[in-house]
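Residue-level structure breakdown
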Amino acid sequence: MSSGYSLRPIVISGPSGSGKSTLLKKLFAEYPDTFGFSVSHTTRGPRPGEENGIAYHFVDRPSFEKLIEAKAFLEHAQFSGNYYGTTIQAVQDVAKGGKLAILDIDMQGVISVKNTDLNARYLFLSPPSLEILRTRLEGRGTESPESVQKRMDQAIKEIEFSKTGAHDKAIVNDDLDRAYKELKEFIFDPSA
Ligand code: ADP
Ligand code: 5GP
């Protein structure tokens, strides 16, 4: 593995429940001074353990819509009935701390960010199968049955989108340690 890493921001996307947060938590714990999370805004409520300003900036719809009007967002989208968006400030805050930004966004965000000058690298995280995805989403214990179903419906679209070649690399999150090793290979070796 190369000792360097590309200065281009990393965008990680993939179905809700595919393991993006789990892998990123490991990465930030191992490299606290190197990578920084681009903290998105969302109108969904916090899950147990999610801190405001760390996992997301949790805001109500009027506040989110004010930020849209103020053109604060690099990109924003609606997912499963809620707004999600990356502010320009969120990405700048990471850079100000001298770290490389990592964005966790959905496929609409990927399409939007590709139309900006962020010059990011795109990673798709896939579950081993839709059945396993459902088991993991249910096992996380954070979603109502209706929310699980919406996320499963969206997962099919995310997986279809990943076949269009929009991403630089796809990783299947089967065994966590192996997926984490592949994530690091991608981040530290831009040719991977
Ligand atoms: P996302 O951030 O993509 O929505 P999470 O990181 O919250 O997904 O993962 C969804 C659930 O799956 C969590 O309960 C997590 O502990 C579990 N999980 C993640 N990766 C694996 C894995 N490789 N094997 C088994 N369970 C996993
Ligand atoms: P969750 O509610 O599971 O945290 O996230 C739901 C989906 O929203 C995931 O696919 C996640 O990647 C995406 N998401 C999170 N933040 C943003 C964002 O700022 N912009 C966009 N477009 N999607 C986001």
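Quick look at the structure, then. Quick caveat: nothing in here was measured; it's all calculated off a predicted structure.

Details of unusual backbone geometry
The backbone phi angle of Lys-71 is positive, close to 55°, even though this residue is not glycine. Relative to the helices and strands, Lys-71 resides in the loop between helix H2 (61–69) and strand E5 (73–79). According to the relative accessible area criterion, Lys-71 is exposed, its value standing at 67%. In the Ramachandran plot, Asn-119 falls in the positive-phi region, its phi being about 55° despite a non-glycine side chain. With respect to the element layout, Asn-119 can be found in the loop between helix H4 (107–114) and strand E8 (121–126).

Looking at the environment of Pro-128
Tracing the backbone shows Pro-128 in the loop between E8 and helix H5 (130–140). Residue classification places Pro-128 among the partly exposed positions, given a relative accessible area of 30%. C-alpha of Pro-128 to C-alpha of Asn-173: the two residues are 45 residues apart in sequence and 6.2 Å apart in space. In contact with Pro-128, other than residues within four places in its own chain, are Arg-136, Val-172, Asn-173 and Asp-174.

Let's talk about the packing of H4 against helix H6 (residues 145–162)
Packing of H4 against H6 leaves a shortest axis separation of 10 Å and a crossing angle of 40°. Judged on the interaxial angle alone, H6 and H4 are oblique. Contacts between H4 and H6 involve Met-107, Val-110 and Ile-111 from the first element and Gln-154, Lys-157, Glu-158 and Phe-161 from the second. When grouped by side-chain class, the residues that make up the contact of H4 with H6 number four nonpolar, one polar and two charged.

Some details on the pattern of salt bridges
Summed over the entire model, instances satisfying the criterion amount to twelve salt bridges. The salt bridge involving Arg-47 is made with Glu-143; its shortest N-O contact spans 3.1 Å. With Arg-47 in the loop between strand E3 (41–42) and strand E4 (57–58) and Glu-143 in the loop between H5 and H6, this pair connects stretches of sequence that are 96 residues apart. Taken as a pair, Arg-47 and Glu-143 share a single burial class, namely buried. Each of Arg-44, Arg-47, Glu-50, Arg-140, Glu-143 and Arg-151 takes part in salt bridges that share partners, so that together they form one network.

Thresholds, definitions, all that
Residues numbered from 1 in each chain as written. Chains lettered and ligands numbered in written order. Predicted model: local features only at pLDDT ≥ 70, side-chain atom pairs only at ≥ 80, totals over all residues. Heavy atoms only, no water. Helix = DSSP H or I, 4+ residues; strand = E, 2+ residues; numbered from the N terminus. Buried < 20%, exposed > 50% of the residue type's maximum accessible area, 1.4 Å probe, protein only. Contact = heavy atoms within 4.5 Å. Axes fitted to C-alpha atoms, helices over the stretch in contact; angles between N-to-C directions. Parallel < 35°, antiparallel > 145°, perpendicular 65-115°, else oblique. Nonpolar A, V, L, I, M, F, W, Y, C, P; charged D, E, K, R; others polar. Salt bridge = Lys/Arg side-chain N within 4 Å of Asp/Glu carboxyl O.

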